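Architecture and fold: a report
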Amino acid sequence: MSLLEVTDLRVRYARQGRLRAALRGEAHDFEAVSGVSFSIEAGQTLGLVGESGSGKSTIARTLIGLKAPASGSIVFDGEEVASASARDWARLRREMSMMWQDPVGSLSPRLTVRSLITEPLRIHGQKADRNEAERLLSLVGLPGEYAARYPHQLSGGQARRVGVARALALDPRLLIADEPTAGLDMSVQGEVLNLLNEVQQRTGVAILVITHNLNLVRHVTDRMAIMYLGRFVEEGPTGRIFEHPRHPYTKALLCANPEPDPDARGERVELSGEVPSPVNRPSGCDFHPRCPWARDACKVNEPDWQTEGDRGHRCMFPL
Ligand SMILES: Nc1ncnc2c1ncn2[C@@H]1O[C@H](COP(=O)(O)OP(=O)(O)OP(=O)(O)O)[C@@H](O)[C@H]1O
């Protein structure tokens, strides 16, 4: 059994201008996540990539109970999360930890690093002694004396380390990291990337990384999923997708990577045009308005999953 198993997840938001939409007889909400299924094994890392607005953060918010799914199932360690009571959630929140973008910048500048990293323990009614702060700091490669520092005394890379320490305070089994390298320069990004790998080796935590950063995905994840307009278009082992991307959108994303993979094969695909809105989905295949290989059939036929080889690599293709 996987640690996390998500099946046919659908998440809806209210539309802007709901009243006008209602008067025109249109739906008052839209699907931001539209039938997504995936699983994460204990101790493994899954990367979720896709342009802004594709629904990545919505999946994360739904996993940790900040947004209710419209339908579908989320099973964490054998337990259906959708039917969890408030008491179950108190436990689930310890086991699934979220590391937000800029995790320290968003916290109080008046708290010391010690208070910041041990705060989750206090919130959950656990004792947070000096040893605990030191244990967490050493887990993320910072010397114990950093406990007395304030956020403004930290470099960008140190701040991310503190963010990771805070997210690991309750010994979670799943860490959800939303854009862990956003806003950092290249050398510090490398530092964060190594940190996530090290932390995983030391603690065995499973990680879901949400990012635009393909280098992060390449170096940190075991598997990756590419999202477009609220749906997965391709999923599989990371190395295999980088070497043999199948979906035209995946190919375009890999070509647009500022640090392309020197081993990558296959044709260049340029991505043009804006991501359409999930409020007004294109007919047929979501990607057809931007796809260089679109045929007339793609405007009509819904694509479906096709398996690529035997390592759980699958891709959405038009029928
Ligand atoms: N609270 C909200 N109310 C209404 N619509 C929302 C809300 N949050 C997100 N959306 C919409 O849902 C869709 C998915 O957004 P989401 O933030 O999940 O995408 P994302 O891939 O995480 O983007 P980013 O990389 O910019 O964070 C977008 O069309 C977005 O405008």
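Residues numbered from 1 in each chain as written. Predicted model: local features only at pLDDT ≥ 70, side-chain atom pairs only at ≥ 80, totals over all residues.

As named in an unreviewed UniProt entry, the protein chain is Oligopeptide transport ATP-binding protein OppF, taken from Roseovarius halotolerans. For the protein chain, the Sequence similarities (unreviewed entry) comment in UniProt is given as "Belongs to the ABC transporter superfamily." What the UniProt record of the protein chain gives under Subcellular location (unreviewed entry) is the line "Cell inner membrane". (UniProt positions renumbered as here; feature names shortened; annotations may be inferred.)

1. Quick notes on the nonpolar core
Within the largest apolar cluster, 78 residues are counted, with the highest numbers of intra-cluster contacts made by Leu-174 and Ile-226. Setting aside residues no more than four positions away along its own chain, Leu-174 makes contact with Leu-3, Leu-4, Ile-40, Glu-95, Met-96, Val-205, Ala-206 and Leu-208. (Core = buried A, V, L, I, M, F, W, Y, C linked by C-beta atoms within 7 Å. Buried ≥ 20, exposed ≤ 12 C-beta atoms within 10 Å, placed from the backbone. Contact = placed C-beta atoms within 7 Å.)

2. Some thoughts on helix H7 (residues 186-203)
Look at H7: 26 Å from first C-alpha to last across 18 residues, which is about the 26 Å you get at 1.5 Å a residue. Taken residue by residue, H7 has Gln-189, Val-192, Leu-193, Leu-195, Leu-196 and Val-199 as its buried positions. For H7, the arc enclosing every buried residue in end-on projection is 160 degrees, short of the 170-degree limit, so these residues lie on one face. Looking at H7, the residues exposed on the side facing more than 90 degrees away from the buried face are Met-186, Ser-187, Gln-201 and Arg-202. For H7, the elements touching its buried residues are helix H5 (130-139), helix H6 (156-168), strand E8 (206-211) and helix H8 (214-220). A positive phi of about 75 degrees marks Gly-204, the residue just after H7. (Helix = DSSP H or I, 4+ residues; strand = E, 2+ residues; numbered from the N terminus. Expected span 1.5 Å × (residues − 1). Arc of directions from axis to C-beta.)

3. A short note on the site of the ligand
Around the ligand, the neighbouring residues are Tyr-13, Ala-32, Gly-50, Ser-52, Gly-53, Ser-54, Gly-55, Lys-56, Ser-57, Thr-58 and Pro-278. No other element matches the three residues that helix H2 (residues 56-63) contributes to the shell around the ligand. In the shell around the ligand, the residues fall into three nonpolar, seven polar and one charged. (Near = placed C-beta within 6 Å. Nonpolar A, V, L, I, M, F, W, Y, C, P; charged D, E, K, R; others polar.)

4. A look at H6
Spanning 13 residues, H6 covers 19 Å between terminal C-alpha atoms, matching the ideal 18 Å at 1.5 Å per step. Burial within H6 is extensive, with 11 of its 13 residues counted as buried. Listed in full, the buried residues belonging to H6 are Gln-158, Ala-159, Arg-160, Arg-161, Val-162, Gly-163, Val-164, Ala-165, Arg-166, Ala-167 and Leu-168. Packing partners of the buried residues in H6 comprise strand E6 (96-99), helix H4 (113-123), H5, strand E7 (174-178) and H7.

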